[in-house]
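A look at the structure
Here is how the chains run, residue by residue.
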Amino acid sequence: MFINRALQEISFKIVYYGPGLSGKTTNLEYIHRHLAPSMRSDLVTLNTREERTLYFDFMQLELGRIKGQKPRFNLYTVPGQVYYRFSRKIILKGVDGLVFVADSQRSRMGENLDSLLDLERNLIEMGFSLETFPWVIQYNKRDLRDVETIETMQAKLNFFGTAHFEAVAPNGTEVLSTLKTIITNVITKLELVA
Ligand SMILES: Nc1nc2c(ncn2[C@@H]2O[C@H](COP(=O)(O)OP(=O)(O)O)[C@@H](O)[C@H]2O)c(=O)[nH]1
Ligand SMILES: [Mg+2]
């Protein structure tokens, strides 16, 4: 979180985390398409092919006022692939809220769990834990054939019982409700709304 008192601006950082190809960028693309240009910045996507050390998507939302403050929400995605461990740590710095985007395909359950444990390890290094940190979990790709049941995904991944969503990111199913919930959780945690 970053507060600029002079400008009455307050910035929050929300990070979309999860294994490679789970649909993190697709979430941001949908949000970008469906919010008025006055409410959001351009979507910046940095490509891995350019061999950057840092690789992420970024977009800023500006949503009305809360208690006189102009809140901004900076949305980031992390690269999910195992070898981008360093990028993920950098992108997590200063995070206020997390969306974990899981891939519902049965064959991807191992990657989901690895990524969630990687996230928890990184949070613990920063002095936090998923047990108390504002986060939500999105079970994406519900439109595909060979998906795990929600009950099994809940049992395997949602070990602290946080809010969960059943999404199809390309057509926007549950994309905005996921975003709204994490924004509300972040703001509530900071007691900006009574
Ligand atoms: N069928 C289906 N495909 C999806 C869904 N979400 C994302 N995809 C596809 O999965 C691939 C990876 O998505 P992307 O957003 O780039 O994943 P990221 O690596 O997490 O950023 C792309 O081809 C997307 O179009 C979904 O809900 N259903
Ligand atoms: Mg991506």
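The present account deals with the structure reproduced in this document. (Residues numbered from 1 in each chain as written. Chains lettered and ligands numbered in written order. Predicted model: local features only at pLDDT ≥ 70, side-chain atom pairs only at ≥ 80, totals over all residues.)

1. Looking at the packing of helix H1 (residues 24-34) against helix H5 (residues 175-189)
Selection criterion: Whenever a helix is involved, its axis is fitted only over the stretch in contact; in every case the axis is a line through C-alpha atoms, and angles between N-to-C directions fall within 0 to 180 degrees. Put simply, DSSP H or I for four residues or longer makes a helix, DSSP E for two residues or longer makes a strand, and each gets a number counted from the N terminus. Throughout this description, any angle smaller than 35 degrees is read as roughly parallel, any larger than 145 degrees as roughly antiparallel, any in the 65 to 115 degree range as roughly perpendicular, and the remainder as oblique. Throughout, a residue-residue contact means that the two C-beta atoms, derived from backbone geometry, are no farther apart than 7 Å. Each residue gets one of three labels, nonpolar for Ala, Val, Leu, Ile, Met, Phe, Trp, Tyr, Cys and Pro, charged for Asp, Glu, Lys and Arg, and polar for the others, Gly among them.
Relative to each other, H1 and H5 sit at 90°, their axes nearing to 10 Å. By the angle between their directions, the pair H1 and H5 is classed as roughly perpendicular. Listed contacts from H5 to Asn-27, Tyr-30, Ile-31 and His-34 of H1 are Val-175, Leu-176 and Leu-179. In the contact of H1 with H5, the residues fall into 5 nonpolar, 2 polar and no charged.

2. A closer look at the site of ligand 1
What counts, and what does not: What makes a residue near a molecule or strand is its C-beta atom, placed from the backbone, lying within 6 Å of it.
Ligand 1 sits among 17 residues. The nearest are Gly-23, Lys-24, Thr-25, Thr-26 and Ala-169. In terms of residue count, H1 provides more of the shell around ligand 1 than any other element does, 3 residues in total. Classifying every residue of the shell around ligand 1 by side-chain character gives 5 nonpolar, 9 polar and 3 charged.

3. Some details on the pairing of strand E7 (residues 135-140)
Note the following rule: Our exposure labels follow a C-beta count within 10 Å of each residue's own C-beta, placed from the backbone: buried means 20 or more other C-beta atoms, exposed means 12 or fewer, and partly exposed covers the counts in between. The criterion for strand pairing is that DSSP finds at least two bridges linking the strands in question. Place the viewer so that the strands point away; then a crossover is right-handed whenever the path from the first strand over the helix to the second strand goes clockwise.
Most of E7 sits out of view: 6 of its 6 residues are buried. Of the two faces of E7, the one holding Trp-135, Ile-137 and Tyr-139 and the one holding Val-136, Gln-138 and Asn-140 are both buried throughout. One ladder, built from 6 bridges, connects strand E6 (residues 97-103) with E7; its direction is parallel. Across the sheet, Leu-98 pairs through a bridge with Trp-135, a residue of E7. With helix H3 (residues 109-125) bridging E6 and the parallel E7, this β-α-β connection has right-handed handedness.

4. Some words on helix H2 (residues 85-92)
Worth spelling out the cut-off: Comment: arc refers to directions from the helix axis out to C-beta atoms.
Residues of H2 that are buried include every one of Arg-88, Ile-91 and Leu-92, and no others. All buried residues of H2 fall inside an arc of 100° around its axis, so they share one side. Across from the buried face of H2, at angles greater than 90 degrees, the exposed residues are Phe-86 and Ile-90. Each element contacted by the buried residues of H2 is listed here: strand E2 (9-17), strand E5 (70-77) and H3. Following H2 by one or two positions, Gly-94 has its phi on the positive side, about 80°.

5. Some remarks on the nonpolar core
To keep it simple, the criterion reads: For this entry, the nonpolar core is defined as buried Ala, Val, Leu, Ile, Met, Phe, Trp, Tyr and Cys residues connected by C-beta atoms within 7 Å.
Of all hydrophobic cores here, the largest spans 39 residues; its most connected members are Ile-14, Val-15, Val-99 and Phe-100. Of all the elements in the fold, those that place two or more residues in this core are E2, H1, E5, H2, E6, H3, E7 and H5. For this core, the element with the highest residue contribution is H5, accounting for 6 residues. Ignoring sequence-local partners within four residues, the contact set of Val-99 consists of Ile-14, Tyr-16, Val-136, Gln-138, Thr-178 and Ile-182.

By themselves these figures say nothing about function.
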